[in-house]
Amino acid sequence: MLGSSHRADGGASSPLKLLTMLMLGAAMACLMFWSAFVQAPAAGADRPTIPVLSPDVLSAGEVYRGAFTPDGAAPDVRYVANSGMLVTVSGRRFLIDAPIRDGISPYATSSAAERALLENARAPYDRVDAILITHWHEDHFDADAIAAHLRRRAAILISSPEVVDRVRSAAPELPASRLRAVLPPYGRSELVNDAGVPVHALRIRHNPARRLPEQHLGFLIGGSSPVLHVGDADPAADNFALLAPLPRIDLAFLPFWYVTGEANRTVVSHAIRPKRIVAMHVPPKDAAAVASQVAASGMAATVASTPATSLSLPR
Ligand SMILES: [Zn+2]
């Protein structure tokens, strides 16, 4: 039964078989054409893109630890208190946003013993070349504390006219050559060469604040692998556009919310582009929580949490 049926089908369908084979052949050719010229680009769009180790393609929260190789001599950093740092760059010592006295609660201040070292310019604060102050807020600046240090040692002060005037009032006997007032227009920088290594004073605006300091500066210290301190700068991309023509930043001192806030991390990755970060301005009571948030951010950042200690910087 099966055999006869097969024979009958075979005999009756020869032209059909040819037609079917032709149609199958045409279908296969169409499929091959589709695969080669039409389907391939569509499939390619679903492929993962090749990772590029450039900060330009990193978005918020992406890991860029190890994407860059630090070059040159590593800066040496001692965390003073709050945003206060003692930074050695190319053999020159810079005291940034320190010394302070009462500060602003809940932010860190120096112990009485540390204050004595700072204000009497004793080790490790004995060979400071320049004191750099970003703005007058009490958690970044104290005129009497700075005047005390400047009376002991020959450091110079580099800051805005507002800050310099307050120190001049506190210590009128200091020679004018020790007090360097600088205030470029907003969005511009000015090179100051008085401290032995180049220092760019950056006119970047303060975070929106109740007592807004109009005269707020950031500092870019050093030549080919500079160190950046932003004070209390507003974390917005346009605030850091002035960095574009300046040397690529090795180490950036940034308020911790630049690292823990997702939108702020985008600004850091795209507009500041540091190789590594020290997260500062940490209230002591929040130090543990900030440390875990910074660790979870994936950024190459060290948290400045214990005043009067040397920081081990990210590699
Ligand atoms: Zn401030």
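For the structure, check the block above.
These numbers come from a predicted model, not from an experiment.

Of the regular secondary structure elements, the protein holds eight helices and 14 strands. For the protein, contacts bridging at least 24 residues in sequence account for 62% of all contacts bridging at least 6.

This brings us to the sheet that holds strand β2 (residues 84-89). Within a sheet, adjacent strands bond to each other through the backbone by hydrogen bonds, running parallel or antiparallel. Here seven strands make up an open sheet; going across it, the order is β6-β5-β4-β3-β2-β1-β14 and the pairing mixed. Single-partner strands in this sheet number two, and they are β6 (179-181) and β14 (309-310). The pairing of strand β4 (residues 130-132) with strand β5 (residues 156-159) spans three bridges and is parallel. Bridged to A130 within β5 is I156. Along the sheet, helix α5 (residues 161-170) contacts β5 and β6; its crossing angle with β6, the most-contacted strand, is approximately 155°.

Let us look at the sheet that holds strand β9 (residues 217-221). Spatially, the seven strands line up as an open sheet ordered β7-β8-β9-β10-β11-β12-β13, and their pairing is mixed. Lying at the two open borders of the sheet, with one neighbouring strand each, are β7 (189-192) and β13 (301-303). Averaged over all pairs of adjacent strands, the angle between strand axes in this sheet comes to 20°, irrespective of strand direction. Across the sheet, helix α8 (residues 287-297) touches β12 (276-280) and β13, and the angle it forms with β13 is around 175°.

Right, let's get into helix α7 (residues 262-272). R265, V267, V268, S269 and I272 are the residues of α7 that are buried. On the buried face of α7, the contacting elements are β11 (251-255), α6 (257-260) and α8. The positive-phi residue at the C-terminal boundary of α7 is R273, with phi of around 55°.

The next point concerns helix α4 (residues 143-152). If you check which residues of α4 are buried, you get A145, I146, A147, A148, H149 and L150. Buried residues in α4 make contact with α3 (112-119), β4, β5 and α5.

Glancing now at the packing of α4 against α5. α5 packs onto α4 with a crossing angle of 65° between their chain directions and a minimal axis gap of 9 Å. As the angle between them shows, α4 and α5 are arranged roughly perpendicular. Seen from above, α4 lies across α5 with right-handed handedness. The residues of α5 that touch α4, namely those facing A143, D144, I146 and A147, are R166, V167 and A170. When the residues that make up the contact of α4 with α5 are grouped by side-chain class, the tally is five nonpolar, no polar and two charged.

This brings us to the nonpolar core. In terms of nonpolar packing, the biggest core is built from 76 residues, with L254 and A279 touching the most fellow members. In terms of residue count, α4 provides more of this core than any other element does, five residues in total. The contact partners of A279, leaving out residues within four places of it in the chain, are L254, F256, V259, V294, A301, V303 and A304.

Scoring rules and cut-offs
- Residues numbered from 1 in each chain as written.
- Predicted model: local features only at pLDDT ≥ 70, side-chain atom pairs only at ≥ 80, totals over all residues.
- Helix = DSSP H or I, 4+ residues; strand = E, 2+ residues; numbered from the N terminus.
- Contact = placed C-beta atoms within 7 Å.
- Pairing = 2+ DSSP bridges.
- Axes fitted to C-alpha atoms, helices over the stretch in contact; angles between N-to-C directions.
- Buried ≥ 20, exposed ≤ 12 C-beta atoms within 10 Å, placed from the backbone.
- Parallel < 35°, antiparallel > 145°, perpendicular 65-115°, else oblique.
- Left-handed = near helix turned anticlockwise from the far one by under 90°.
- Nonpolar A, V, L, I, M, F, W, Y, C, P; charged D, E, K, R; others polar.
- Core = buried A, V, L, I, M, F, W, Y, C linked by C-beta atoms within 7 Å.

Purely geometric numbers; function is a separate question.
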